[in-house]
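If you want the building blocks of each chain, they are given just below.
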Amino acid sequence: MAQGLIEVERKFVPGPGTEERLQELGGTLEHRITFRDSYYDTPELSLMRADHWLRQREGSGWELKCPGVAGVSGPHTEYMELTAEPAIVAQLCEVLGALGLGAGGVAAVLCPLGLQEVASFVTKRSAWKLVPLGAEELPLWVDLDTADFGYAVGEVEALVHEKAEVPAALEKIHSLSSLLGVPAQEKPPAKLIVYLQCFRPQDYQLLLEENSSREKPQGTKHPDSSPG
């Protein structure tokens, strides 16, 4: 697999005082933005069932999140983020067992790979940045999201380049989460999972059955822990 950034994140339920608390902790509001995310998969959800999540974000292009190597367990997720289209195409072909499609872009391989849109929704986001004392090289990002179907969720996130950096990132994420008053084991579902539960219940049930039928690798302990 082509090397990408490792996203380490923890979701939480934001409250009415979350932004004020972020300001008290020295956070800076980077931007407020509205965007549409569209997710693609086969009719059988071959990607999601393999813990791979293909997304096209309005104005940002394509991204494929792939499972990281199993590490420290807890209410967080680790994913490798691929954003270069050749790397995304190569990984899609590997996961779906389709070789020899050439070096086209993601859009060009959707039909040959049997991929179709399975979810699309608009998110309003306020993005905050915090730099923990003594950790200028590892800023934390806090995204407060509200989807157009009424679901709100927050994320504390760090992006690292090497697996060896994950424990330090986790420590900072858990520390900030505690300062924000997040319960230790809180694991709210991702926006995509709530979307499927509301609007594509058969697909949601398929993911539940997949995850209950086998040993759950990191990132797939429950479909609620997926990205999105």
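All values derive from a computational prediction rather than experimental measurement.

**Q** A description of the packing of aromatic side chains should follow, citing residues and the corresponding values.
**A** Evaluation of the coordinates by the stated rule reveals seven aromatic pairs. A centroid spacing of 4.9 Å and a plane angle of 50 degrees characterise the contact between Tyr195 and Phe199, whose relative ring orientation is tilted. One end of the pair, Tyr195, and the other, Phe199, are both in helix H6 (residues 191-199), four residues apart, so they sit about a helical turn from each other. On the basis of relative accessible area, Tyr195 is assigned to the buried category, the value being 16%. Chaining the aromatic ring pairs together yields one cluster made of Tyr39, Phe121, Phe149, Tyr195 and Phe199.

**Q** Account for the pattern of salt bridges, naming residues and giving values.
**A** A pair can form between side chains of opposite charge whenever their charged atoms are brought close. Scanning the entire structure with this criterion turns up 15 salt bridges. Two residues, Glu155 and Lys11, come together in a salt bridge whose shortest N-O distance is 3.6 Å. Residue Glu155 is found in strand S8 (residues 152-160), and its partner Lys11 is found in strand S1 (residues 5-12); the two are separated by 144 residues along the sequence. For the pair Glu155 and Lys11, a shared accessibility class is recorded, and that class is buried. Between Arg200 and Asp203 there is a salt bridge whose closest N-O contact spans 2.6 Å. Arg200 gets classed as partly exposed once you look at its relative accessible area, which sits at 30%. Within the structure, one salt-bridge network assembled from shared partners comprises Asp37, Arg55, Arg57 and Glu63.

**Q** Describe empty space enclosed by the protein, with residues and values.
**A** Tallied over the full model, the rule gives two cavities of 30 Å³ or more. Space inside the second largest cavity adds up to approximately 40 Å³. Every residue lining the second largest cavity is listed: Tyr39, Trp53, Arg55, Glu63, Lys65, Pro227 and Gly228. Listed by contribution, the elements that provide at least two residues to the lining of the second largest cavity are strand S3 (53-57) and strand S4 (61-67).

Cut-offs used in this document
Residues numbered from 1 in each chain as written. Predicted model: local features only at pLDDT ≥ 70, side-chain atom pairs only at ≥ 80, totals over all residues. Heavy atoms only, no water. Phe/Tyr/Trp six-rings, centres within 6.5 Å; stacked < 30°, edge-to-face > 60°. Helix = DSSP H or I, 4+ residues; strand = E, 2+ residues; numbered from the N terminus. Buried < 20%, exposed > 50% of the residue type's maximum accessible area, 1.4 Å probe, protein only. Salt bridge = Lys/Arg side-chain N within 4 Å of Asp/Glu carboxyl O. 1 Å grid on protein atoms, 1.4 Å probe; cavity = no way out; pocket = protein on both sides within 12 Å on 5 of 7 lines; lining within 4 Å. Points joined across faces, edges and corners; volume = space filled by probe spheres on them.

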